[in-house]
Amino acid sequence: MSQDVLETLCDLVRLPSVNPMGRDLPPEVAWESRVTDYLQERFQQLELPWQRQTVAPGRDNILARLDGDPPREQGGSLLMFQAHQDTVPVDGMTIEPWAAEVRDGRVYGRGACDIKGGLACMLTALAQLAARRPPNRPTVLLACTVDEEYGFSGARKMVELWQPSSRIVPRPPDAAIVAEPTLLDVVVSHKGTARWQILTRGRAAHSSQPDAGSNAIYAMAPVLTALERYARTEVPHLANHPLLGHPTLSVGRIRGGISVNVVPDHCAIELDRRLVPGEDPRAAWQHVCDFLTTELPDLPLVFEEPYQSMPGLDGVRNRELAQRVGRISQACGGPGRPIGVPYGTDAPAFAQTGVPTVVCGPGDIAQAHTVDEWIAIDQLHVGAEFYYRLAAEWQGTI
Ligand SMILES: [Zn+2]
């Protein structure tokens, strides 16, 4: 098992699958199709039924199914393993992102930790389950989504498959395990996000006669001051969560003007609102709009709709699953503690449909998205064993 998981990870790292995250990137590195094709080939080698689901041109989710004992039609459980195929971009990396260099007990490369390492572990576990066919195992789905790092559109689209007419996933899974680098702790809750732009408009003029124009950048200044105060004094009191604390708001980008000698006629800021479970992304957006409209009634602001939103993962329906996953993690030498984390994942897309969902995988989030991203080979071995045992030792329903 151990050799396979290392080779699989190196294969995956050598296939760039960068999420452009709103930018233009060369086709040699952008999008997930190389990874999708590789997964399809592996599923075909394992002789498992598989399905691609197009989310956007050139961007496909892919799923495979290993039937259980007893099969799901006779009351067997349906367990979903899920990992995303995309990675963040490679700007500023200090290592060769696609070389999959193995040294010092680590595999280096973009995605090695987040989350091609976890995907390699899930694929290896599936291959072992297919080879050994342990008795009383659940039907296992391996579901690989696109666009986790930016818009979560792959996970949102995937749940549309859970219909009686679907040949791969005729009903919702009984439980979902989302791979992210948690060092095999069990994430039961995490924050959600809402991101959007606010615009100010002005009137362009030559900068030698600024009074002839209307400066959109100046117009944004009171907006920023108000938002800074709002983030500090209002947002922390909007909600509270025992594991995650309070929500936050941050302005992360500002753009405006075309040249220093032109009075700018436009300015845009991007906001990042982190939600605690139970907060609705749209209500959070509306709250900011209402606040600014009240604070700055004379300023004609344009509030764009959120271009990304996903609620948090609440820990309500996943307690029993978390205990089960935690026990297997500990049996494999992991900590297996139920924890909350601030970052977002695909998990709420599944949890929102009522499927008990936790996030658990090998590798350390501290190495995700870094300039020298790596994962410890030890973590790969433990991760592959963990996912295998989770399915092989699954008992009864959840
Ligand atoms: Zn990830």
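Rules behind the numbers
Residues numbered from 1 in each chain as written. Predicted model: local features only at pLDDT ≥ 70, side-chain atom pairs only at ≥ 80, totals over all residues. Core = buried A, V, L, I, M, F, W, Y, C linked by C-beta atoms within 7 Å. Buried ≥ 20, exposed ≤ 12 C-beta atoms within 10 Å, placed from the backbone. Helix = DSSP H or I, 4+ residues; strand = E, 2+ residues; numbered from the N terminus. Contact = placed C-beta atoms within 7 Å. Domains from an automatic or database assignment. Nonpolar A, V, L, I, M, F, W, Y, C, P; charged D, E, K, R; others polar. Pairing = 2+ DSSP bridges. Axes fitted to C-alpha atoms, helices over the stretch in contact; angles between N-to-C directions.

A. Geometry of the nonpolar core. Met-122, Leu-142, Val-358, Tyr-387 and Ala-391 are the most contacted members of the largest nonpolar core, which has 83 residues in total. Ranked by residues supplied to this core, first place goes to helix α3 (residues 112-132) with twelve residues. Once residues lying within four places of it in the same chain are set aside, the contact partners of Met-122 are Phe-81, Ala-83, Leu-142, Ala-179 and Tyr-387.

B. Here's a closer look at the domain arrangement of the chain. Domain boundaries in the chain define domain 1 (2-190 + 313-392) and domain 2 (192-310). A C-alpha centroid distance of 35 Å is found between domain 1 and domain 2. With ten residues of domain 1 at the interface, the matching set in domain 2 holds ten residues. Split by residue class, the side of domain 1 that touches domain 2 holds five nonpolar, four polar and one charged.

C. Quick peek at the sheet that holds strand β4 (residues 101-103). Taken in spatial order, the three strands of this open sheet run β4-β5-β18, and their pairing is antiparallel. Strands at the two margins of the open sheet, each flanked by one partner only, are β4 and β18 (374-376). Sheet twist, expressed as the average angle between the axes of neighbouring strands with direction ignored, equals 20 degrees. Note: strand β5 (residues 106-108) against β18, three bridges, orientation antiparallel. Paired with Tyr-108 across the two strands is Trp-374, which belongs to β18. Packing against the sheet, helix α9 (residues 377-392) makes contact with β5 and β18, and its axis sits at approximately 65 degrees to β18.

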